[in-house]
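# Survey of secondary and tertiary structure
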Amino acid sequence: MNVPLVDLVSQYQELKEDLDSAVLEVLSSGRYTPANEVHSLEQEIAAMCSVEYGIACNSGTDALKIGLQAMDIGPGDEVITTPFTFVATIEAIIQNGAKPVFVDIDPQSFNMNPYLLEAAITDKTRAIIPIHIFGQIAEMEKIMAIANSHNILVLEDAAQAIGSTRNGLSSGAWGIAATLSFFPTKNLGAAGDAGMVITNDKQVFEKCMSLRVHGMAKTPYLYEDIGHTSRMDEVQGAILRVKLRKLRTWNDKRRQHAAIYDAILDDSDAQKPYVDAETSYHPYHQYTIRHPKRDDLMAHLKDKGVGCAIYYPVPLHTQPPYAYLGYNEGDFEETESACEEVLSLPIQAHLTSEQVEYAAKCVAEF
Ligand SMILES: *Cc1c(COP(=O)(O)O)cnc(C)c1O
């Protein structure tokens, strides 16, 4: 049996008629930059995440860059995050002229360990970026309490966590702003790059709207900031709106797949994903196990036709471009050991239960 890690064609096939007509409608409308579709998507996503505003842009990476800039993060500022994330999180900090400061992760959830935060705060700390890794919301009550007591802003990197809730509150509704990614393989994926900043803060909203179009003021060709060109294409807006109607069903399906894995892996050497007691709804962007013989397991799964991947194989603090930050191997033990042991298994909605059972049994028998 073949169990692909990613299969975007079957997702397209399910919605082919609606997607085709949505795209053709945009093509024949002649409106290719943000218009009805993008504006409606911004409202629909904001409403789903229980926030006021959405600012659609070109990618999740751009959303991070623009969001941080709108929060006035720049040279001389420090931004705390973890070294166990996609590189975009720290690119955005650095490209705004600020300095990433790392804290280690919790070995069970892989999210930021809030007990390490206080020690990382200096008088230069202006923001914290928790990543809701693999879809599960970080320990936001603790993180917000610490941030608020030090007057530090929180931007949630919710790229992997659309649709996720913790103690009933949506991802993206905790900090001053949050960013989403609609990269094709995310739970809600465009047909190319797309992303969004979401926020309750009117000032951040207005700044982001201006920054995504070169920092243009309300008057055309007058500029109030050095900005970006980062509009979301109307075609992507139309595609995302069609898929958004299916997001909950697809996320539910991922959860059913996770339950199959959980049951079959119960007595195996694989450590199942830890779900925090405060997590209300985990959309399983990834189903990530830990295994002491991860590389051998990976080879075994490959032999059996089961797709899998390592997110992430090398921590950010030991990657060559970031050596100048001054960190060394050994600085973040939990991140480093996670990088050696994690393995993400196929979990996308369009797999059958039989495929997931087969994949789980291949892991269990190893
Ligand atoms: C995917 C991702 C991003 C970047 O999103 P893009 O749309 O690919 O630019 C940022 N942070 C995290 C944690 C991600 O998983």
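This write-up is about the structure you can find in this document.

Calculation rules
- Residues numbered from 1 in each chain as written.
- Predicted model: local features only at pLDDT ≥ 70, side-chain atom pairs only at ≥ 80, totals over all residues.
- Heavy atoms only, no water.
- Helix = DSSP H or I, 4+ residues; strand = E, 2+ residues; numbered from the N terminus.
- Rg over C-alpha atoms; globule rule 2.2 N^0.38 Å.
- Buried < 20%, exposed > 50% of the residue type's maximum accessible area, 1.4 Å probe, protein only.
- Contact = heavy atoms within 4.5 Å.
- Areas by Shrake-Rupley, 256 points an atom, 1.4 Å probe, with all protein chains shown as cover.
- Lys, Arg positive; Asp, Glu negative; His and termini not counted.
- Charge placed at Lys NZ, Arg CZ, Asp CG, Glu CD.
- Axes fitted to C-alpha atoms, helices over the stretch in contact; angles between N-to-C directions.
- Parallel < 35°, antiparallel > 145°, perpendicular 65-115°, else oblique.
- Left-handed = near helix turned anticlockwise from the far one by under 90°.
- Near = heavy atom within 4 Å.
- Polar contact = N/O pair within 3.5 Å; in protein donor to acceptor, adjacent residues only side chain to side chain.
- Core = buried A, V, L, I, M, F, W, Y, C linked by side-chain atoms within 4.5 Å.
- Patch = residues over 30% accessible without salt bridge, like charges linked within 9 Å, V, L, I, M, F, W, Y side chains within 5 Å.
- Salt bridge = Lys/Arg side-chain N within 4 Å of Asp/Glu carboxyl O.
- Pairing = 2+ DSSP bridges.

## Quick word on the overall build of the protein
Secondary structure summary: the protein contains 13 helices and 12 strands in total. Rg of the C-alpha trace for the protein: 20 Å, near the compact-globule value of 21 Å for 366 residues, within the 12% margin. The principal-axis extents of the C-alpha atoms in the protein amount to approximately 65 × 55 × 35 Å. Looking at the protein as a whole, 56% of its 366 residues qualify as buried. Sequence separation of at least 24 residues holds for 71% of the intrachain contacts in the protein that already meet a minimum separation of 6. With an accessible surface of roughly 15,500 Å², the protein has 49% of that area assigned to carbon and sulfur atoms. For the protein, the distance from the average site of its 29 positive side-chain charges to the average site of its 50 negative ones is 5 Å.

## Looking at the packing of helix α10 (residues 247-264) against helix α13 (residues 353-365)
Relative to each other, α10 and α13 sit at 30 degrees, their axes nearing to 9 Å. Judged by the inter-axis angle, α10 sits roughly parallel to α13. Both α10 and α13 take part in a crossing whose hand is right-handed. Across the interface between the two elements, H257, I260, Y261 and I264 of α10 pack against S353, V356, E357, A359, A360, K361 and A364 of α13.

## Describing the site of the ligand
Around the ligand lies a shell of 16 residues, among which G60, T61, D157, S181 and K186 are the nearest. At 2.8 Å, a side-chain N or O of D157 approaches a nitrogen atom of the ligand. One nitrogen or oxygen atom from the side chain of S181 is found 2.7 Å from an oxygen atom belonging to the ligand. Protein coverage of the free-state accessible area of the ligand, which is 380 Å², stands at 93%. Breaking the shell around the ligand down by element, the ones donating at least two residues are α4 (60-70) and α5 (88-95). Sorting elements by how many residues they give to the shell around the ligand places α4 first, with three residues.

## A word on the nonpolar core
Buried together is how nonpolar side chains tend to be arranged in soluble globular proteins. With 49 residues, the main nonpolar core has L68, I80, I128, M140 and I143 as its most contacted residues. Leaving out residues up to four positions away in the same chain, L68 has contacts with I73, A92, I93, N96, I129 and L155. Of all hydrophobic cores here, the second largest spans 33 residues; its members include I105, I133, Y261 and V306.

## What to know about a nonpolar patch on the surface
A surface patch of nonpolar side chains, about 310 Å² in accessible area, is lined by L24, L27 and Y32. The residue L24 is located in helix α2 (residues 16-29) in this model.

## Let's talk about the sheet that holds strand β6 (residues 165-166)
The strand order β7-β6-β10 describes an open sheet built from three strands, whose pairing is antiparallel. The open sheet has two free edges, formed respectively by β7 (169-170) and β10 (279-281), since each of these has just one partner strand. With two bridges connecting them, β6 and β7 associate as antiparallel partners. Among the inter-strand pairings, T165 is bridged to a residue of β7, identified as S170.

## Points about the pattern of salt bridges
Side chains that carry opposite charge are capable of pairing whenever their charged atoms lie near each other. Applying the stated criterion to the full structure yields 16 salt bridges. Between R126 and D77 there is a salt bridge, with its nearest N and O atoms 3.2 Å apart. Taken as a pair, R126 in strand β4 (residues 125-128) and D77 in the loop between α4 and β2 (78-81) lie far apart in primary sequence, 49 residues in all. One salt bridge connects R290 with E341, and the closest N-O pair in it is separated by 3.0 Å. Of the two residues, R290 is situated in strand β11 (residues 287-290) and E341 in helix α12 (residues 333-341); the sequence distance between them amounts to 51 residues. Under the relative-accessibility criterion, E341 is labelled partly exposed at 25%. Where salt bridges share partners, they join E37, E44 and R241 into one cluster.

## Focus: the sheet that holds β2
One open sheet holds the seven strands; their spatial order is β1-β9-β8-β5-β4-β2-β3, and the pairing between them is mixed. Two strands close off the open sheet at either side, each with one partner strand: β1 (53-57) and β3 (99-102). Sheet twist, expressed as the mean angle between neighbouring strand axes with direction ignored, is 25 degrees. Both β2 and β4 contribute to a ladder of three bridges, which runs parallel. Bridging across to β4, I80 finds its partner in I128. Packed onto the sheet, helix α3 (residues 36-48) meets β1, β8 (177-181) and β9 (195-199) and runs at close to 130 degrees relative to β1. Taken strand by strand, α5 contacts β2, β3 and β5 (153-157), and its axis lies near 140 degrees from that of β3.

Shape descriptors only; they carry no functional weight alone.
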